[in-house]
Amino acid sequence: MTRTVIRSPASLLECDWTFTSSHPSLQIRRLRLQRRWTARRPAPPFAVLRPPAPRDRWNLLFLFVPTGRLDRDQEAILARVRALAGGLLVICATSSPADLPNFDLADAVAWKGLPGFDFSAYGLGLRLIATHSPGATAYVQNDSVFGPFGDMDGHVARARWDLTGFMASATVENHVSSFAFVLKDVSPARVAALSAVLSPDWCYNDFSSVVVAQETWLARVASAEMSVGSFFYMPVRPASPSWKQRIGVRLRPETARDHPIDVSGDPTLGSPLDLMDRGFPFLKRSLLGKFRGMTDADALRARLSRSGWPDPAL
């Protein structure tokens with residue numbers, strides 16, 4: 001079945017965007033307060049197998065591995081991040097520490113339980129860096145994207161802000177996407193400044209709470225204490241459907257087959273190959289998964305192959 005997809009052209013993208021605060025709706029503000037009191041859960045258990053050591057830079061990679069075995073894409077992501085300058089800190093979520101894959105080539109490793117999404121891993125990893133390597137620059141990535149592609153060390157070196165995202169959007173409010181970002185001067189004070197959204201002490205364990213009360217709020221919380229910006233920014237604020245419908249479609253796209261999918265605020269889904277042509281160093285894995293059919297799968301695979309990526313795991 002062909003789906004109707006509402007897109008925004010990549011020509012609308014702004015480059016090297018400095019964060020400016022926008023105003024979320026009253027509904028979003030109420031929802032954030034509600035989720036804070038009703039949806040927060042205890043932090044997942046964790047164990048630090050090898051703590052970070054003092055370095056100028058750390059690359060923090062979160063891998064979600066409920067089976068205890070990395071898939072081909074996760075192995076490729078791990079190899080790409082391992083090749084970057086600096087130390088590699090892997091935070092891996094499995095059912096138990098006994099299920100943790102072998103990360104002998106990582107410089108630091110921590111295990112966490114399955115709940116909490118990527119934000120619980122980021123909170124743990126950044127606290128470890130702040131404690132054991134204060135002042136380091138952290139490149140942070142999860143396993144929801146193929147990549148990085150191209151010169152990621154160059155991107156990190158060119159990051160102009162204390163918190164630099166790779167993609168930002170006006171959806172919900174102006175915010176930086178959380179699949180990858182750069183955070184400079186990772187210190188206890190800086191981690192504390194982000195604790196309203198990034199903390200190893202609590203978590204949200206449902207997708208909509210993570211989006212509403214963490215991802216879309218991170219940039220504004222950070223901007224109170226540091227400079228924030230992004231390499232790319234999509235200024236379009238989608239008018240329809242509502243944010244709640246959008247989150248529902250992303251969580252369960254099969255339930256919305258008869259409705260348009262609005263990705264006008266997210267060019268990583270709406271214009272992925274155009275983005276890569278402009279130097280964007282990632283491709284969303286969901287384009288060959290739950291969003292398969294939104295973009296020509298053969299073209300995506302061809303681009304991955306030209307970039308040296310192994311045949312993707314579905």
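Refer to the structure presented above.
So, a few notes on the structure that sits alongside this text. (Residues numbered from 1 in each chain as written. Predicted model: local features only at pLDDT ≥ 70, side-chain atom pairs only at ≥ 80, totals over all residues. Heavy atoms only, no water.)

Quick look at the overall build of the chain
Here is the rule: Helix and strand assignments follow DSSP, with helices taken as H or I runs no shorter than four residues and strands as E runs no shorter than two, numbered in order from the N terminus. Between buried and exposed lies partly exposed: a residue is buried under 20% and exposed over 50% of the maximum accessible area for its type, with that area taken using a 1.4 Å probe on protein chains only. Here, two residues are considered to be in contact whenever any of their heavy atoms come within 4.5 Å of each other. Accessibility throughout is a Shrake-Rupley quantity obtained with a 1.4 Å probe, and a residue counts as covered only by protein chains that appear here.
Across its full length, the chain carries ten helices and 17 strands. Out of the 314 residues belonging to the chain, those deemed buried represent 57%. Considering only contacts in the chain between residues 6 or more positions apart, those separated by 24 or more positions represent 76%. Entry remark: accessible area of the chain is about 13,200 Å², with carbon and sulfur atoms responsible for 52%.

Quick look at the pattern of salt bridges
A side chain of one charge can pair with a side chain of the opposite charge when the charged atoms of the two come close. In plain terms, the rule: The rule for a salt bridge is simple: a side-chain nitrogen of Lys or Arg has to be within 4 Å of a carboxyl oxygen of Asp or Glu.
Scanning the entire structure with this criterion turns up eleven salt bridges. Where Arg55 meets Asp107, a salt bridge forms, and the shortest distance between an N and an O atom there is 3.4 Å. Of this pair, Arg55 sits in the loop between strand S4 (46-50) and strand S5 (57-64) while Asp107 sits in the loop between strand S6 (87-93) and strand S7 (108-112), placing them 52 residues apart in sequence. Classification of Arg55 as partly exposed rests on a relative accessible area of 36%. Between Arg127 and Asp201 there is a salt bridge, with the nearest N and O atoms lying 3.0 Å from each other. Of this pair, Arg127 sits in helix H3 (residues 117-132) while Asp201 sits in the loop between helix H5 (188-193) and strand S14 (202-204), placing them 74 residues apart in sequence. Judged by its relative accessible area of 36%, Arg127 is partly exposed.

Looking at the nonpolar core
The line we're drawing: Residues belong to a common nonpolar core when they are buried Ala, Val, Leu, Ile, Met, Phe, Trp, Tyr or Cys residues joined through side-chain atoms within 4.5 Å.
Counting 48 residues, the largest nonpolar core has Phe103, Tyr139, Phe166 and Phe282 as its most contacted members. The biggest single contributor to this core is helix H2 (residues 72-82), with four residues. Membership of the second largest hydrophobic core comes to 44 residues, among which are Ala170, Val186, Leu194 and Ala219.

A closer look at unusual backbone geometry
Here the amide bond leading from Gly147 into Pro148 is cis, since omega sits at 10°, within 30 degrees of zero. Despite not being glycine, Asp16 shows a phi value in the positive range, around 50°. Within the secondary structure, Asp16 is located in strand S2 (residues 14-18). For Asp16, a relative accessible area of 42% corresponds to the partly exposed category. Unlike most non-glycine residues, Phe117 shows phi in positive territory, near 55°. Within the secondary structure, Phe117 sits in helix H3.

Regarding the environment of Arg57
Spelled out, the test is: Here a polar contact is recorded for every N or O atom pair within 3.5 Å, except that within protein the pair must consist of a potential hydrogen donor and a potential acceptor, and residues adjacent in sequence are included only if both atoms are side-chain atoms.
Inspection of the secondary structure assignment puts Arg57 in strand S5. Put simply, Arg57 and Ser133 are 76 residues apart on the chain and 8.7 Å apart in space, counted from C-alpha to C-alpha. Residue contacts for Arg57: discarding those within four places in its chain leaves Leu84, Ala85, Gly86, Gly87, Ala136, Thr137, Tyr139, Asp153 and Val156. Of the polar contacts made by the side chain of Arg57, one reaches the side chain of Asn59; its length is 2.9 Å. There is a polar contact of 2.8 Å between the side chain of Arg57 and the side chain of Asp153.

Digging into the pairing of S5
The following threshold applies: If DSSP finds at least two bridges between two strands, the strands pair. Look down the strands so they point away from you; if going from the first strand over the helix to the second traces a clockwise path, that crossover is right-handed.
Burial within S5 is extensive, with seven of its eight residues counted as buried. Alignment of S5 against S6, held across seven bridges, turns out to be parallel. What sits directly across from Leu63, in S6, is Cys92. The β-α-β motif built from S5, the intervening H2 and the parallel element S6 has right-handed crossover chirality.

Points about the packing of aromatic side chains
The cut-off we apply is this: Aromatic contacts are taken between Phe, Tyr and Trp rings whose centres are within 6.5 Å, Trp giving its six-membered ring; a plane angle under 30 degrees counts as stacked, one over 60 as edge-to-face, and the others as tilted. Criterion for a charge above a ring: Lys NZ or Arg CZ within 6 Å of the ring centre, and within 35 degrees of the ring normal.
Tallying each qualifying case throughout the model produces 15 aromatic pairs. Plain terms: the ring middles of Phe149 and Trp309 are 5.5 Å apart, the flat faces sit at 65° to each other, and that makes the pair edge-to-face. Note that Phe149 is positioned in the loop between strand S9 (145-146) and helix H4 (152-158) and Trp309 in the segment after helix H10 (297-306), a separation of 160 residues in sequence. A residue is classified by how much of its surface remains accessible, and Trp309, at 6% relative accessible area, is buried. Each ring, one from Trp202 and one from Tyr204, has its centre 5.5 Å from the other, and the planes form 70°; the classification is edge-to-face. Accessibility assignment for this pair places Trp202 and Tyr204 in one class, buried. Taken together, the ring pairs in this structure connect Tyr139, Phe166, Phe179, Phe231, Phe232, Phe280 and Phe282 into an aromatic cluster. Positioned above the aromatic ring of Trp37, the side-chain terminus of Arg36 is 6.0 Å from the ring centre. For Arg55, the ring lying beneath its charged end belongs to Trp58, and the centroid distance is 5.4 Å.

Details of H10
Which entries qualify depends on this criterion: Directions are taken from the helix axis to each C-beta atom, and the arc is the one they span.
Residues of H10 that are buried include every one of Ala297, Leu300, Arg303 and Leu304, and no others. One face of H10 carries all of its buried residues, which in axial projection span an arc of 125°. Along H10, the residues that are exposed and aim more than 90 degrees away from the buried face are Asp298, Ser305 and Arg306. Next to the buried residues of H10 lie S9, helix H9 (272-277) and strand S17 (283-284). A side-chain oxygen of the first residue of H10 lies 2.9 Å from the backbone nitrogen of Asp298; this N-cap is Asp296. Phi turns positive one or two residues past the end of H10, at Gly308, with a value near 80°.

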